[in-house]
Amino acid sequence: MGDLLAILAARGHRITETGRPDRVPAGDLLILHVDSSVVPPEYLAVAARFPAAINAKVGDITKRSFSTLLVGPDSDWSGKVIIKSNLNYLGKPERHQNRNAAWRLARRPHPGLRVFGDYNVCRSISDVPASVWGDPGAVVEKFVGEETEQGYVARTYLFCGTSERCSRNVAASPIVKGNGIFHSEPTEVPDSIRMIRHQMGFDYGKFDFVMVDGQAVLFDANKTIGSLSGTGVLAERVRALNGSLADGVESFLKHAT
């Protein structure tokens, strides 16, 4: 959130950052971002005390909390499947916490954490290794894609409060992300995706989804918009939206006063 916070500071807002729920100073607005798929309750409790808070109701973004694509060993899905971590971003943030934040481990929500590597796509459910089905850290989803003559398509919905943008991104690989995206253009936000955002309690973040048979299918929900350090077309588009996202943050302050 560094670029966004810098814009807010330049607009005259005083910003304090803390990683401890027992060391949160008073303020007009709290932006809750615990870099973990499951937010411990003490953080949610602090956010509830503020006159305004962003993402105060987003306590769980594990795949099992929202995915409509999950399959099991006995499912009747006959297409490709993809093996993922149940945790966001392959479980890497939780691994970082386990190494560097010992004071948080008393309530560690993911004991026995296994960090995943790249996504593994299988031709069918029968090709999924038996060990995956017994792994609480893994999920298996239907591998659904949006394909055109240009290539594979995935859509990215960025939002903060009343500010929102959606882009249609194209890559040569069926895993559409990062510098693999060679084309990005604005597109509309489906009402069903806005409804999911409302149901999950998101104020700020990024949703990745595809359109399948005219229906939006969400496959990733993030509490921030991700790293802006890349050089791809999507990263450039995101950087251009920071001013609008800062407007979204300020909209929460207006409602609080």
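Residues numbered from 1 in each chain as written. Predicted model: local features only at pLDDT ≥ 70, side-chain atom pairs only at ≥ 80, totals over all residues. Heavy atoms only, no water.

## Quick look at the overall build of the protein chain
Helix and strand content of the protein chain: eight helices and eleven strands. Across the protein chain, every contact between residues at least 6 apart in sequence was considered, and the portion connecting residues at least 24 apart equals 61%. (Helix = DSSP H or I, 4+ residues; strand = E, 2+ residues; numbered from the N terminus. Contact = heavy atoms within 4.5 Å.)

## Brief notes about the pattern of salt bridges
Enumeration over the complete set of coordinates arrives at eleven salt bridges. Between R155 and E146 there is a salt bridge, with its nearest N and O atoms 2.5 Å apart. With relative accessibility at 11%, the residue E146 sits in the buried group. Each of R11, D247 and E250 takes part in one network of salt bridges that share partners. (Salt bridge = Lys/Arg side-chain N within 4 Å of Asp/Glu carboxyl O. Buried < 20%, exposed > 50% of the residue type's maximum accessible area, 1.4 Å probe, protein only.)

## Some words on the side chain of S251
In this fold, S251 is placed in helix α8 (residues 242-256). Apart from the residues lying within four places of it in its own chain, the contact partners of S251 are G161 and T162.

## A look at helix α6 (residues 191-200)
Along α6, the residues that are buried comprise I193, R197 and M200. Buried residues of α6, seen end-on, are gathered within an arc of 75° and therefore sit on one face of the element. Seen from the buried face of α6, the exposed residues on the opposite side, beyond 90 degrees, are D191, H198 and Q199. Taken from the residues just after α6, G201 is the one with a positive phi, measuring 80°. (Arc of directions from axis to C-beta.)

## Looking at the environment of P190
Following the sequence through the fold, P190 ends up in the loop between β9 (181-186) and α6. A relative accessible area of 17% means that P190 is categorised as buried. It is 8.7 Å that separates the C-alpha atoms of P190 and Q215, two residues lying 25 residues apart in sequence. Beyond its immediate chain neighbours, meaning those up to four positions away, P190 contacts F209, M211 and A216.

## Here we look at empty space enclosed by the protein
Scanning all chains against the criterion turns up one cavity of 30 Å³ or more. Here the largest cavity is characterised by a volume of approximately 30 Å³. Lining the largest cavity we find L158, E164, R165, L241, S244 and L245. When residues of the lining of the largest cavity are traced back to their parent elements, those giving at least two are β8 (163-171) and α8. Here the lining of the largest cavity is built from residues that sort into three nonpolar, one polar and two charged. (1 Å grid on protein atoms, 1.4 Å probe; cavity = no way out; pocket = protein on both sides within 12 Å on 5 of 7 lines; lining within 4 Å. Points joined across faces, edges and corners; volume = space filled by probe spheres on them. Nonpolar A, V, L, I, M, F, W, Y, C, P; charged D, E, K, R; others polar.)

## So, the packing of aromatic side chains
Within the structure shown, the criterion is met by five aromatic pairs. Aromatic pair Y157 and F207: ring centres 6.2 Å apart, planes at 75°, arrangement edge-to-face. With Y157 in strand β7 (residues 152-160) and F207 in strand β10 (residues 204-212), this residue pair connects regions lying 50 residues apart in the sequence. Relative accessible area serves as the criterion here: at 0%, Y157 is assigned to the buried category. These aromatic residues form a ring-pair network of at least three members: Y157, F159, F202 and F207. (Phe/Tyr/Trp six-rings, centres within 6.5 Å; stacked < 30°, edge-to-face > 60°.)

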